[in-house]
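Given next are the chains, with one letter for each unit.
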Amino acid sequence: MKERQGNSFFVYLGMLMVTLYILAPIVWIVMMSFKSRIDVVSVPPKIIFTPTLDNYLALFGLGKVGLLSGTAFLSYFKNSLILSLGSVSLSLLLGMPAAYAIARLRFAARDSLAFTYLTFRFVPEVTIILPLYVVYQKLHLYNTYLGLILVYQLISLPLLIWMMRSYFEEIPVAIEQAARTDGYSWFRSFFKLVLPLAAPGIAATLVLAFIFCWNNFSFGLMLGGHSTQPVTVGLLSFMGTNEVQWGLMAAATVIAIVPEMVLALAVQRYMIRGLTFGAVK
Amino acid sequence: MAVMPLSRTATGAPPIRKRSNWLPWIMTAPATLAMIGIMYPFAIAVYYSFTNYRIVSQTYSFVGLRNYVRMFSDPNFWEAMGNTLMFAACALAVELSLGFLIALLLNRQVKGVSIVRALLLLPLMVPPVISGMMWKTMLASGSGPVNYLLGLGTYAWFSNPWSARFVVVFIEIWSSTPFVALVLLSGLQSLPREPFEAAQVDGAHFWFILRRLMLPMLQPFILVVLLFRVVDVIKLFDIIFATTGGGPMYVTTTIPILVYKEVFISYNLGSAIAKVLMLWVINYGLSFWLASRWRRSTATR
């Protein structure tokens, strides 16, 4: 479309408003994480304050904020890492053959099957959690990493299948045919040619799947206990009703979301494609 | 859209051994089995909805349609259903229009626009439950910056029914509008220039261009946005759980929140599952309808 240059003042004003709208709560939580116990609850709120690392030190067990130490946070953080990495790895294992089959093989149910995987993305979590709660109690999967990683497949597996499928489809079949004609085995042509070509996209998708797993709240809340719950659930315990703990909560939040934001900016180019399961490239 | 190269390889050898028609099934089996494993308890659960299953005793007896009859005569259920649909409708309407405006704004080639585009990713990376917590600190009655800037003193956003409703929807809008904006922005950038230039040369009015050119051409993108947003906003849980917990009274209780309380506070699994099934029916119907429309809109391109 033709660019109109005349009203660039309003464009910048709009961009400024969008920026403020997006950044305000993030900046606020970062500021809060550097506030002392007294500054956090000060009325009116302090924009200018003496920053302190107390909250961060407390989280890593190197100090206390009042009577509180935040070391429980570290175990929630560890749980999140185990759950997200475990889920993404399992999805990669389960999903890669399926994605390749859907991308390259001809079979009657191909589209319906792909579509069925997609519909799992749309299932409300509670509808899955309640039945699983009963089953998990019986199978002793309740409050286990394995149980949570299995249910996290609902988040990461459809995403990985759809994205890997779309990256495989972009690789010309001719390349594989040529390799096969040259006497490459199927495995060799897959691992030496197809996979390296699809790798950047797949890597970005893995990052995105990791973030989605990391962001999940309800599975851990209802199917996990204290020893397996992720950081999203753990953070709520800092929230409580007591505003004094908000400094700790803020520091924990910053630690929980900053790595994600850095990862997200690193794979920015692939983001929209991943967020829409390949529908928008 | 991706092409289907396999159908054009009639002359050459197909890339994969064609002899087996069970190969695709073997390759998709692990993923399919995992999904069935997660979903099959759901089938059992349909049966539980006809029982008085309580998660503490795990003994139950068949009670027929009692859970459903009680559900339909329960004002709390209808209030939660109303909230679920109302929040979804309000959030979607604002997310779509605001997202479209932001997309139009960021579709211009001005300095700094790529930074703002990158910033849009940030709210998408914040877990919804944390978005809720962040805004709760922003809106805190004494120490929060919002009340300070607006001069509202100790106004308690989460205690007044209407402001509580407003805040819940507002936080959902904050965390999801960037998704809408980014998808529609990719849509705008994929549009051909010629029809718009021609329309401008002809002196077409902005509204005419918007309604007759832009929106129809953006239709596949709008459908994608709707598909992904509708299903998520109907199961709104995390943000509410982190902020109001469904209160005051039941004014911000959605079906997922109601169901959570029913199971983990009153332990009535049977009747909770009946409610969850209602949510599932709505969600499945909407996502199926939108997904098939989306498939059709991309197939014709």
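These figures come from a predicted structure and were not determined experimentally. (Residues numbered from 1 in each chain as written. Chains lettered and ligands numbered in written order. Predicted model: local features only at pLDDT ≥ 70, side-chain atom pairs only at ≥ 80, totals over all residues.)

A separate point is the overall build of chain B. Counting its regular elements, chain B contains 14 helices and 0 strands. If you list the helices and strands of chain B from N to C, you get α-α-α-α-α-α-α-α-α-α-α-α-α-α. Taken along its principal axes, the extent of the C-alpha atoms in chain B is 70 × 65 × 30 Å. The proportion of buried residues among the 301 residues of chain B is 43%. For chain B, the proportion of contacts with a sequence separation of at least 24, taken over those separated by at least 6, is 72%. (Helix = DSSP H or I, 4+ residues; strand = E, 2+ residues; numbered from the N terminus. Buried ≥ 20, exposed ≤ 12 C-beta atoms within 10 Å, placed from the backbone. Contact = placed C-beta atoms within 7 Å.)

If you tally the helices and strands in chain A, you get 13 helices and 0 strands. Starting at the N terminus and ending at the C terminus, chain A contains elements arranged as α-α-α-α-α-α-α-α-α-α-α-α-α. Principal-axis analysis of the C-alpha atoms gives chain A an extent of 75 × 70 × 35 Å. Of all 281 residues assigned to chain A, the portion counted as buried reaches 50%.

Once that is clear, we can look at helix H8 (residues 161–190) of chain B. For H8(B), spanning 30 residues, the distance from its first C-alpha to its last is 43 Å, which sits close to the expected 44 Å at 1.5 Å a residue. Maximal helix bending in H8(B) amounts to about 40 degrees, located at B:Ser176; proline B:Pro178 follows within four positions. (Expected span 1.5 Å × (residues − 1). Bend = angle between axes of the 7 residues up to and from the residue.)

What follows is about the interface of chain B and chain A. Listed as interface residues are 83 residues of chain B and, on the opposing side, 87 residues of chain A. With 13 residues, the single largest contributor to the side of chain B that touches chain A is helix H1 (residues 23–48) of chain B. For the side of chain B that touches chain A, the residue count by class is 64 nonpolar, 14 polar and 5 charged. (Nonpolar A, V, L, I, M, F, W, Y, C, P; charged D, E, K, R; others polar.)

What follows is about unusual backbone geometry. The phi dihedral of A:Asn143 falls on the positive side, at around 55 degrees, and the residue is not glycine. Along the chain, A:Asn143 turns up in the loop between helix H6 (125–139) and helix H7 (145–170). With a phi close to 50 degrees, B:Met249 is a non-glycine residue in the positive phi region. With respect to the secondary-structure elements, B:Met249 resides in the loop between helix H12 (238–242) and helix H13 (255–264).

A few words now on helix H11 (residues 219–234) of chain B. All names here are of chain B. The end-to-end C-alpha distance of H11 is 22 Å, a good match for the 22 Å that 16 residues give at a rise of 1.5 Å each. Across the 16 residues of H11, 12 count as buried, placing the element largely inside the fold. Taken as a whole, H11 has its buried residues at Pro-220, Phe-221, Val-224, Val-225, Leu-227, Phe-228, Arg-229, Val-230, Val-231, Asp-232, Val-233 and Ile-234.

Another aspect to go through is the confidence of the model for chain B. All names here are of chain B. Looking at chain B, pLDDT values average 85 and 92% of them are 70 or higher. Between the elements of chain B, mean pLDDT differs from a low of 84, seen in helix H9 (residues 194–201), to a high of 94, seen in helix H3 (residues 75–106). Within the model, the stretch residues 1–15 combines pLDDT values under 50 with 20 contacts to residues more than four positions away or in other chains. Among the scores for the predicted complex, ipTM is 0.89 and pTM is 0.89. (pLDDT = per-residue confidence, 0-100.)

Another aspect to go through is the environment of B:Val94. Relative to the helices and strands, B:Val94 is located in helix H3. As for B:Val94 and B:Leu150, which are separated by 56 residues in sequence, their C-alpha atoms are 22 Å apart.

All names here are of chain A. Orientation of helix H4 (residues 72–104) relative to helix H9 (residues 186–215), taken along the N-to-C sense of each, is 135 degrees, at an axis distance of 9 Å. Here H9 runs oblique to H4, going by the angle between their axes. Crossing handedness for the pair H4 and H9: right-handed. Of the residues in H9, those in contact with Ser-80, Leu-83, Ser-84, Ser-87, Val-88, Ser-91 and Leu-92 of H4 are Leu-206, Ala-209, Phe-210, Cys-213 and Trp-214. A per-class count over the contact of H4 with H9 returns 8 nonpolar, 4 polar and no charged. (Axes fitted to C-alpha atoms, helices over the stretch in contact; angles between N-to-C directions. Parallel < 35°, antiparallel > 145°, perpendicular 65-115°, else oblique. Left-handed = near helix turned anticlockwise from the far one by under 90°.)

Another point: the nonpolar core. Ranked by size, the top nonpolar core spans 173 residues in total, and within it A:Val151, A:Met164, B:Val183 and B:Leu184 carry the most contacts. Looking at this core element by element, the count peaks at 16 residues for H7(A). For B:Val183, the contacting residues outside a window of four places in its chain are A:Ile272, A:Thr276, A:Val280, B:Phe221, B:Val224 and B:Val225. (Core = buried A, V, L, I, M, F, W, Y, C linked by C-beta atoms within 7 Å.)

Considering every residue of chain A, the mean pLDDT works out to 86; 94% of them sit at 70 or more. Ranking the elements of chain A by mean pLDDT puts helix H2 (residues 37–40) of chain A last, at 81, and helix H10 (residues 218–223) of chain A first, at 93.

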